[in-house]
Amino acid sequence: MFLTNLKEDCFPRSFWLLIIVLTFSSLQAQEIRTVSLQEAMKLAKENNKKILKSQLEITLAEQNIKERKDLRLPDVELNGMYSRITNITEFKGDGFLNGKEVTKAIPEIYEVNSTFKMPIYAGNKINNAIKIANQENEIAKIKSEKTENDIELEVVANYLSIYKMMQLQKIFEENIKEEKSRLKEVQSLQKHGTVTKNEVIRAELQLSDRELNALTNSKNIKIALHDLKTLIQIPENEEIAIDTTASLDEMNGVDPYDFYLNKAFQNEEMRIASQELDISKTELKLAKGNYLPSVHFFGNYGFYYPNYKFFPPNPYLYTLGQVGIEARFDLSALYKNKTKVARANTKINMQQIQSEIIKDEIQDQLYKEHTQYREILEKFVVVDKALDLAEENYRIVKLKYLNQLVLITEMVDADNALLQAKYNKISTRLDAVLKHYEMMHTAGIMPQS
């Protein structure tokens with residue numbers, strides 16, 4: 001009986017022990033992957049679906065070039081035909097359907113022939129079509145480059161946003177510990193009758209407010225991390241974290257505005273606009289090509305049965321071949337093509353204006369970012385001094401509060417001012433990093449990951 005009870009007692013224990021071990025093993029297996037900013041940018045460049053799509057568009061553009069070049073190759077056809085025909089009936093009389101005379105025909109007809117046609121000259125339209133395909137391929141490459149830079153900037157913005165929120169979370173957690181300690185002090189003072197119930201409630205409200213802020217911030221961190229996983233294509237079931245130990249570039253200076261402006265005039269948007277203008281000019285040449293004749297080299301060769309080159313037909317299989325040059329000139333193009341040429345000229349003018357619009361927008365955007373960047377750099381000294389003042393103010397107010405010389409409301413104000421000063425210092429540094437990346441993005445000089 002004792003052994004039976006012992007076995008029954010050991011079974012659930014061993015069972016639960018197994019469950020605990022398996023659970024611990026699964027938790028250990030799901031390790032959190034820590035990524036640095038450079039690694040995140042590299043992963044996005046390799047795995048992001050928008051970037052992969054842009055690379056496929058380059059492949060399509062290259063295939064389009066090959067397709068246009070195939071227009072130079074001859075068209076070759078092989079045709080075959082079989083048919084049955086009736087006898088030939090002629091009416092040689094004076095009246096309607098009079099004097100009927102029937103000539104027996106060979107009832108079956110067979111034909112097998114091949115033809116080919118190769119362009120010699122087509123108003124330079126084939127060459128211009130190939131040229132447009134090459135220009136479109138260049139645009140596809142530039143767009144792919146722009147997509148990569150756009151995604152990299154998005155990764156930087158997302159990463160720095162998470163970094164900022166995580167630093168804020170640390171400030172909240174430190175502040176919550178201090179608020180809890182202060183609440184205990186206030187509750188102790190209330191028991192001795194030195195403070196009112198209202199001050200205890202005020203301390204509790206301050207702690208509750210901090211805890212709510214920390215909770216909201218932690219949820220926002222999770223959402224931002226999920227967005228980052230999507231950008232760099234990390235599997236859904238894999239947890240990631242950003243590397244807060246890695247030092248970010250300290251932004252202490254800025255190159256002259258003209259340096260970025262000269263680079264910006266060669267960025268992706270300007271190069272795309274230039275290529276689109278070139279395409280419009282080539283399309284004008286293509287439209288003008290309709291005014292010119294086309295010349296083709298052609299040939300055909302076939303087997304035919306029976307021989308209907310003679311009448312009555314001969315019941316013999318015969319062959320016939322032909323080779324020569326064909327020239328065509330579309331006279332209707334002299335009046336129909338005018339609108340096409342005018343439309344092509346209008347498109348060139350429109351594209352030239354569009355290029356100027358893009359140039360002005362880039363110049364305005366870069367000037368704005370350069371000015372904002374310099375402003376952020378100038379804030380460094382201000383926020384550092386503000387933090388020193390906030391820390392000193394907090395120290396003085398806290399000392400007065402412990403000596404019952406000020407109310408808790410002043411203590412709360414000093415606490416809030418210190419928290420804001422700490423956050424402003426961190427936020428300003430990270431804003432400088434982001435603004436620097438934004439400026440490089442506009443100038444088209446994003447760093448290679």
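Only a predicted model underlies this, so the values are computations on that prediction, with no experimental measurement involved.

Undergrad: What's the story with the UniProt feature "coiled-coil region" (unreviewed entry) in the protein in this structure? I'm lost.
TA: Summarizing the sequence annotation, UniProt attributes the feature "coiled-coil region" (unreviewed entry) to residues 130-189 in the numbering used throughout. Regarding residues 130-189, the helix share stands at 100% and the strand share at 0%, and the terminal C-alpha atoms are separated by 87 Å.

Undergrad: Looking at this structure, I do not really get the environment of Glu-148. What am I missing?
TA: Mapped onto the elements, Glu-148 comes out in helix α4 (residues 125-191). When its relative accessible area of 16% is taken as the criterion, Glu-148 is described as buried.

Undergrad: Just checking my understanding: could you explain the sheet that holds strand β7 (residues 294-305) for this structure?
TA: The strands that make up a sheet are held in pairs by hydrogen bonds between backbone atoms, and each pair lies either parallel or antiparallel. Taken together, four strands build an open sheet; the order of strands is β2-β5-β7-β8 and the sheet is antiparallel. The open sheet has two edge strands with one neighbour each: β2 (75-84) and β8 (318-328). Neighbouring strand axes in the sheet, compared pairwise and without regard to direction, differ in orientation by 15° on average. Here ten bridges tie β2 to strand β5 (residues 108-121), and the two strands are oriented antiparallel to one another. Across the sheet, the residue bridging to Val-76 is Phe-116, located in β5.

Undergrad: Please clarify how the packing of aromatic side chains should be interpreted in this entry.
TA: By convention here, two paired aromatic rings are described through the distance between centres and the angle between planes. According to the stated counting rule, one finds seven aromatic pairs in the structure shown. For the pair Tyr-82 and Tyr-110, a centre-to-centre distance of 5.2 Å together with 45° between the ring planes defines the contact as tilted. Note that Tyr-82 is positioned in strand β2 and Tyr-110 in strand β5, a separation of 28 residues in sequence. On the accessibility criterion, Tyr-110 (37% relative accessible area) is partly exposed. For the pair Tyr-301 and Phe-303, a centre-to-centre distance of 6.0 Å together with 90° between the ring planes defines the contact as edge-to-face. Put simply, the rings of Tyr-82, Tyr-110 and Tyr-305 touch in pairs and so form one group of aromatic residues. Taking NZ or CZ as reference, Lys-359 lies 4.9 Å from the ring centre of Phe-265, over its face.

Undergrad: Help me understand a positive patch on the surface, please; the structure alone is not making it clear to me.
TA: Where like charges cluster on the molecular surface, the positive patch consists of Lys-125, Arg-328, Lys-336 and Lys-340. By the element assignment, Arg-328 lies in strand β8.

Undergrad: Sorry if this is basic, but what is going on with the pattern of salt bridges here?
TA: When charged atoms on two side chains of opposite charge get close, those side chains can pair. One pass over the full model with this rule turns up 21 salt bridges. The closest approach of N and O atoms between Arg-33 and Glu-39, which form a salt bridge, is 3.5 Å. Judged by its relative accessible area of 29%, Arg-33 is partly exposed. Across the pair Glu-179 and Arg-182 runs a salt bridge, and its minimum N-O distance is 2.9 Å. One end of the pair, Glu-179, and the other, Arg-182, are both in helix α4, three residues apart, so they sit about a helical turn from each other. With a relative accessible area of 6%, Arg-182 lands in the buried category. Taken together, the shared-partner salt bridges connect Glu-178, Glu-179, Arg-182 and Lys-398 into one network.

Undergrad: Explain a negative patch on the surface to me, please; I cannot follow it from the model alone.
TA: A cluster of acidic side chains, namely Glu-269, Glu-356, Asp-360, Glu-361 and Asp-364, defines a negative patch on the protein surface. Sort the elements by how many residues they give to the negative patch and helix α9 (residues 338-402) lands first, with four residues. According to the relative accessible area criterion, Glu-269 is partly exposed, its value standing at 34%.

Undergrad: Explain the confidence of the model for the protein here, please?
TA: Parts of the model with low pLDDT should not have their predicted coordinates read in detail. Looking at the protein as a whole, the pLDDT averages 88, with 92% of positions reaching at least 70. When pLDDT is averaged over each helix and strand of the protein, the minimum, 48, is found for helix α1 (residues 2-29) and the maximum, 96, for helix α3 (residues 49-69). Taken as a whole, residues 1-11 scores under 50 in pLDDT and shows zero contacts with residues more than four places along the chain or in a different chain. In the predicted structure, residues 24-29 sits below a pLDDT of 50 and forms zero contacts with residues beyond four places in sequence or in another chain.

Undergrad: What's the story with the environment of Tyr-82 in this structure? I'm lost.
TA: Looking at Tyr-82, the relative accessible area reads 45%, which means it is partly exposed. Setting aside anything within four residues of it in sequence, one finds Tyr-82 in contact with Glu-108, Ile-109 and Tyr-110. Here Glu-108 takes part through its side chain, which lies 2.9 Å from a polar atom of the side chain of Tyr-82.

Undergrad: I tried to follow unusual backbone geometry on my own but got confused; where do I start?
TA: Generally, phi is negative for residues other than glycine and the peptide bonds are trans, each holding for most cases. Of note, the amide linkage connecting Tyr-305 to Pro-306 takes the cis form, showing an omega dihedral of -5°. Within the secondary structure layout, Pro-306 lies in the loop between β7 and β8. Even without glycine at this site, Gln-233 takes up a positive phi of about 60°. Considering the arrangement of structural elements, one finds Gln-233 in the loop between α5 (197-232) and β6 (240-242). By relative accessible area, Gln-233 is classed as partly exposed at 29%. Here Gln-404, not a glycine, exhibits a phi torsion of approximately 60°, which is positive. In this structure, Gln-404 sits in the loop between α9 and α10 (408-443).

About the criteria used
Residues numbered from 1 in each chain as written. Predicted model: local features only at pLDDT ≥ 70, side-chain atom pairs only at ≥ 80, totals over all residues. Heavy atoms only, no water. UniProt positions renumbered as here; feature names shortened; annotations may be inferred. Helix = DSSP H or I, 4+ residues; strand = E, 2+ residues; numbered from the N terminus. Buried < 20%, exposed > 50% of the residue type's maximum accessible area, 1.4 Å probe, protein only. Pairing = 2+ DSSP bridges. Axes fitted to C-alpha atoms, helices over the stretch in contact; angles between N-to-C directions. Phe/Tyr/Trp six-rings, centres within 6.5 Å; stacked < 30°, edge-to-face > 60°. Lys NZ or Arg CZ within 6 Å of the ring centre and 35° of its normal. Patch = residues over 30% accessible without salt bridge, like charges linked within 9 Å, V, L, I, M, F, W, Y side chains within 5 Å. Areas by Shrake-Rupley, 256 points an atom, 1.4 Å probe, with all protein chains shown as cover. Salt bridge = Lys/Arg side-chain N within 4 Å of Asp/Glu carboxyl O. Lys, Arg positive; Asp, Glu negative; His and termini not counted. Charge placed at Lys NZ, Arg CZ, Asp CG, Glu CD. pLDDT = per-residue confidence, 0-100. Contact = heavy atoms within 4.5 Å. Polar contact = N/O pair within 3.5 Å; in protein donor to acceptor, adjacent residues only side chain to side chain.

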